[in-house]
Every structure is written in C-alpha cells, then in structure tokens.
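Here's the letter readout for the chains.
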Amino acid sequence: MCTAATYKTKNFYFGRTLDYEFSYGDEITVTPRNYPFEFRYMGRKDSHYAMIGMAHVAGGYPLYYDAINEKGLGMAGLNFVGNAAYQEVDESGDRDNVAQYEFIPWILGSCASVGEARVALDRMTLTGTPFSEQLPTAQLHWIIADRNGAITVECMADGLHVYENPVGVLTNNPPFPQQMFLLNQYMGLSPKQPLNTFAPEVGLNTYSRGMGAIGLPGDLSSTSRFARVAFVKQNSLSGDSEAESVSQFFHILGSVDQQRGCCEVASDKYEITIYTSCCNADKGIYYYNTYEGHQINAVDMNRENLDGAELARYPLIQRENINWQN
Ligand SMILES: C[C@H](CCC(=O)NCCS(=O)(=O)O)[C@H]1CC[C@H]2[C@@H]3CC[C@@H]4C[C@H](O)CC[C@]4(C)[C@H]3C[C@H](O)[C@]12C
C-alpha cells in the first residue's frame, strides 16, 4: 500500500509513502535536461525538463516511483492491483504510445502543469510493455499535481480514465470514484468537539478532546488510509516557512505510517513504510525519511548540473541518527 498527498503553503509540496515488504533498491535520482531518454515507441528525447524523484535505476534508466520536475509538476505511481489494465500499442500513428514504466518521465519531461498533462494524456495510449523480464509490468495508478490542482489517472479494462482529484490524495484500490464516494460516510467528522445531536435528553458529554473525528478509520486498508489522510490534510494548519511546511507534511503522511508487524502480507512478511517523501515542487528539493532513519534528509536538484546528461543518484539513508543532547 502507499499513500500520496499534496499540500500548499507559500510553496507547493508533493509526496508519498511507499509501503512494501521489500525494497527494489531505491535512490533519489536527478535526471538532468540532457539525459537521453530512449522511449520504447516514441524514439529518443535528447532534451526535456529536469526531474528529481525516487527511482530504481536499471541499466542506467531511471524507473521512477514518484518525482517532480523543474516546473513544479509532481507525479506518483501507486499500486492498483487487479484493476490496472493497460492498452495495446496503437499502430495508427495518431497516438503517443507510452509504456507504463516510462509514464512519469514522459509526462514530467514535457509538461509544466496539470493542464498540459491533460492535453498529453488525450493523445496517449498507455501500454503494458514490461521494462525487462526481471522487472515485469507493475499494476499502478497515478496522481499528477501542481500548485493549482490534481488529477488521478487510472487505466482499466474500459479505457484510460482521468479524474479531477479535489482532495489531492491517492492510496490504492478501489478505483478513484469509489474512494471519493466513500468519503460521503465521513462528512460529519470535524476537528471541533461534537454537539449532542444524538439524543439531547440523554446527558451525553465530551469526556475527551478529539471526539469530533470519532469514526475516522484507524486501520491500514487503502480505503481507511484514503479517508484518514484526506481528513488530516483538509484540516491541516501550519506556518508558511519551509521548516514548518515540511514538518507538517511529514505529519500528514505520518497519519498513515505502517509499523512493522501490523500488516502481514505472507507468513512472516510484513509491509512497512519504507520511505516517506516530501518534495518542495517550487524549489526542486526532495526531502525524505526511511523506516530505519527518521531524520529528514534532502537532495536539492538545483545543486546538480541540470544541463548535464548523467543521472545523479543518492542511495537512501537507512539508519537512525540520534541527536544526543548531553
Ligand atoms: C511496489 C510499489 C508499490 C507499493 C505498494 O503499493 N504496495 C502495496 C501493495 S497493495 O496496495 O496492497 O497491492 C511500486 C510503486 C512504483 C513501482 C515501480 C515503478 C517503476 C518500475 C515499473 C516496472 O514495470 C517494474 C519495476 C518498477 C521499479 C516498479 C516496482 C514496484 O512495482 C513499485 C516500486
């Protein structure tokens, strides 16, 4: 499972948790403007927008899980198992055929906004072509967002759907319209204390703070994480500064953090939050922490040569760094 969210203060922030039982070998990867992208069906693109994100680099190719580009557009792929169904290659010559593993570079390489991504999506066919035998097709859906809004992209047996995403969050199954529908159940929840509308003549009272959100689901299912992170994000308040915004963003995704032992996926195998990311999409900074390393680390794309042609790669820091005070 995974959860993605957007957040806006003075700057625009975009990030996700990646929850799984093992790691593919993830690296913060900066793709500069002149890295030659060899697209499976669309030929080679020698220049494009620069991007930074989390990727598994295979044979020199950045397989992005989530990234932002230098124009402030963000995109993340999350599991959509059992529902994702990709399209056949369109031979008509009228369409852009894009393999699922190159979807993030395709969009972030050429689109500066959600509006431009929508135009690109209109002429795109998303194919299930695997990257390699060792890395078969991943069943994903995507969130694409900028400071003005977000969309969800789901390729299913009945076609490629592009939905307006008014909450700016995404988790996993079921399809997005059902996730949004389920939020209806929680419309009564509030950060304020409840009033006794249950039965005024019964002497009910608020014995604790936080009772306005009783009913918000606490489990790790994707529908529950969707409702929980949407509630936390919609009610989130923080100062505008970088430190306050980044801190608050990690708290938002902290509401759906997965602790080892609580989600068994096979005997003795547990899903955990491998990493949590928070990109400042205006400044090109990728902040992250990991399960074994809670300190926030950062990679700034603007400290790399963005006019270069070589990937810059930073392996994840996976150890706790305790700040002793005496
Ligand atoms: C496992 C992750 C989703 C985590 C998740 O959601 N786990 C809950 C399961 S569930 O919700 O309970 O079902 C997903 C998210 C992004 C994926 C990579 C995308 C690029 C590339 C595409 C290639 O085709 C295959 C290899 C490749 C590196 C992919 C590996 C893997 O698939 C990644 C990491």
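Scroll up for the structure.
These numbers were taken from a predicted model, which means no experiment stands behind them.

So, on to the side chain of Thr171. In this fold, Thr171 is placed in the loop between β14 (169-170) and α3 (176-182). A relative accessible area of 0% means that Thr171 is categorised as buried. Among the polar contacts listed, one links the side chain of Thr171 to the backbone oxygen of Ser222, at a separation of 2.9 Å. Ignoring anything within four residues of it in the chain, the contact list for Thr171 reads Cys2, Thr3, Leu78, Asn79, His141, Gln179, Ser222, Arg225 and Phe226.

Moving on: the packing of aromatic side chains. Here the structure, examined in full by the defined rule, presents 14 aromatic pairs. Note on Phe22 and Tyr24: the rings are 5.1 Å apart at their centroids and 40° apart in plane angle, and the pair reads as tilted. Ring centres of Phe37 and Tyr61 lie 5.9 Å apart, and the angle between their planes is 70°; this geometry places the pair in the edge-to-face category. One end of the pair, Phe37, is in strand β4 (residues 37-39); the other, Tyr61, is in strand β7 (residues 61-69), and 24 residues separate them in sequence. Assigned by exposure class, Phe37 and Tyr61 land together as buried. Feature note: the residues Tyr35, Phe37, Phe39, Tyr61, Tyr101, Trp106 and Phe131 constitute an aromatic cluster, connected by ring pairs.

With 50 residues, the main nonpolar core has Ile28, Ile52, Tyr275 and Tyr286 as its most contacted residues. Those residues within four positions of Tyr275 in sequence are excluded, and the remaining contacts are Arg16, Thr17, Leu18, Asp26, Met54, Tyr65, Asp66, Tyr286, Asn289, Thr290 and Leu316. Membership of the second largest hydrophobic core comes to 40 residues, among which are Phe39, Leu73, Leu135 and Leu311.

Let's shift gears to the environment of Pro130. Within the fold, Pro130 resides in the loop between β10 (124-127) and β11 (140-146). The partly exposed category is assigned to Pro130, whose relative accessible area is 37%. Pro130 sits 163 residues away from Gly293 along the chain, and the two C-alpha atoms are 32 Å apart. In this structure Pro130 touches Arg40, Gln100, Tyr101, Leu135, Pro136 and Thr137, once residues within four positions along its chain are discounted.

Reading guide: rules and limits
Residues numbered from 1 in each chain as written. Predicted model: local features only at pLDDT ≥ 70, side-chain atom pairs only at ≥ 80, totals over all residues. Heavy atoms only, no water. Helix = DSSP H or I, 4+ residues; strand = E, 2+ residues; numbered from the N terminus. Buried < 20%, exposed > 50% of the residue type's maximum accessible area, 1.4 Å probe, protein only. Polar contact = N/O pair within 3.5 Å; in protein donor to acceptor, adjacent residues only side chain to side chain. Contact = heavy atoms within 4.5 Å. Phe/Tyr/Trp six-rings, centres within 6.5 Å; stacked < 30°, edge-to-face > 60°. Core = buried A, V, L, I, M, F, W, Y, C linked by side-chain atoms within 4.5 Å.

Distances and angles like these do not, on their own, reveal function.
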